[in-house]
Amino acid sequence: MRGMDDTLAPEVAPTALPPAPGADRYCSLDFADTAATLPVGQSYDLLAAPESAMRWLAAHDLTTPDVQLYEVCAQRMRTLRAHIRALIAARVDTTTPPEESLRAVNEALTAVPTVPLLAWDGARGLRRVQAHPTDQAVNHALATLAADAADLLTGPDILAACGSAPCDRFLLRTHGRRHWCSTRCGDRARAARAYARRSGASG
Ligand SMILES: [Zn+2]
């Protein structure tokens, strides 16, 4: 469908959409939505480069400032995101999830512990310590995201795909029958419907 958006194509890089409904409750949903397809052939990917991937992790308390992220780390994040997206899509469509995506999430889940382990400290005795040394920071972030995705995918919330093409983000349908990941998508869907109505009425 070619519509009014074509004439309004911005020259600047597309700005990222705000977090979708439910993304504040599930970091894995926000993770799945870190890339999006926008109208007029535009798109963005917050994990495209190590620097932006690092910013996303820091904004979600999934890393510390002393951690350095490399392209191979960003690539691992994008790979896990693809698998989580495949699992969410299967849940939305009530189809069988891809075996390799289940395996990938389980591998991330079990690679490192995400809960504080029990340790013995000569001075203070037994205590729980968060085990994520710097060299395992990415493994820890991926494990946390995988665990959150497992909760999201098995929870009672209604997962949905944004109903405003070409947007390919997901959301939780928490507020009545909201079908869009953002007001920007909602406005576009309404404009497209009005445009189609006008075109139809004149025919
Ligand atoms: Zn959307």
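Up top is the structure.
Residues numbered from 1 in each chain as written. Predicted model: local features only at pLDDT ≥ 70, side-chain atom pairs only at ≥ 80, totals over all residues. Heavy atoms only, no water.

Undergrad: Can you walk me through the coordination of the zinc ion in this structure?
TA: Around a metal, the perfect tetrahedron of four donors has angles of 109.5 degrees, and the perfect octahedron of six donors has angles of 90 or 180 degrees. Distances from the zinc ion to its protein donors, namely Cys162 (SG), Cys167 (SG), Cys181 (SG) and Cys185 (SG), fall within the range 2.3 Å. If you look at the zinc ion, its four donor atoms make angles of 105 to 118 degrees with each other, and the shape they trace is tetrahedral. Sequence positions of the residues that donate to the zinc ion give the spacing C-x4-C-x13-C-x3-C. Each member of the pair Cys162 and Cys167 is classed as buried. (Donors = N, O, S within 2.8 Å, 3.2 Å for Na, K, Ca; no water. Tetrahedral: all angles 85-135°; square planar, octahedral: opposite > 155°, others 65-115°. Buried < 20%, exposed > 50% of the residue type's maximum accessible area, 1.4 Å probe, protein only.)

Undergrad: Explain the pairing of strand 3 (residues 117-121) here, please?
TA: Regular strands place side chains that alternate from one sheet face to the opposite one. Here strand 3 pairs with strand 4 (residues 125-129) via five bridges, running antiparallel. Residue pairing for strand 4: Ala119 is matched across the bridge by Arg127. The hairpin formed by strand 3 and strand 4 contains three residues between the paired strands. (Pairing = 2+ DSSP bridges. Helix = DSSP H or I, 4+ residues; strand = E, 2+ residues; numbered from the N terminus.)

Undergrad: Looking at this model, I keep getting lost on the pattern of salt bridges. Mind explaining?
TA: Two side chains bearing opposite charge may form a pair once their charged atoms approach each other closely. Going through the model one piece at a time under the given rule, you end up with six salt bridges. Where salt bridges share partners, they join Asp121, Arg124 and Arg127 into one cluster. (Salt bridge = Lys/Arg side-chain N within 4 Å of Asp/Glu carboxyl O.)

Undergrad: What exactly am I supposed to notice about the environment of Asp33 here?
TA: Turning to its location among the elements, Asp33 is positioned in the loop between helix 1 (27-32) and strand 1 (35-37). Counting along the chain gives 52 residues from Asp33 to Arg85, while the straight-line C-alpha distance between them is 8.5 Å.

Undergrad: Even after reading the chapter, I still don't get unusual backbone geometry, so can you show me in this structure?
TA: Leaving glycine aside, a negative phi is the common case for residues, and trans is the common case for peptide bonds. The omega torsion of the bond from Ala165 to Pro166 falls at 5 degrees, within 30 degrees of zero and hence cis. Locating Pro166 in the fold gives a position in the loop between strand 5 (159-161) and strand 6 (170-172). Here Asp61, not a glycine, exhibits a phi torsion of approximately 55 degrees, which is positive. With a relative accessible area of 71%, Asp61 lands in the exposed category. Residue Thr94 is not a glycine yet carries a positive backbone phi of 45 degrees. Looking at the secondary structure, you find Thr94 in the loop between helix 3 (71-93) and helix 4 (99-111). Classification of Thr94 as exposed rests on a relative accessible area of 72%.

Keep in mind these numbers describe shape, not what the thing actually does.
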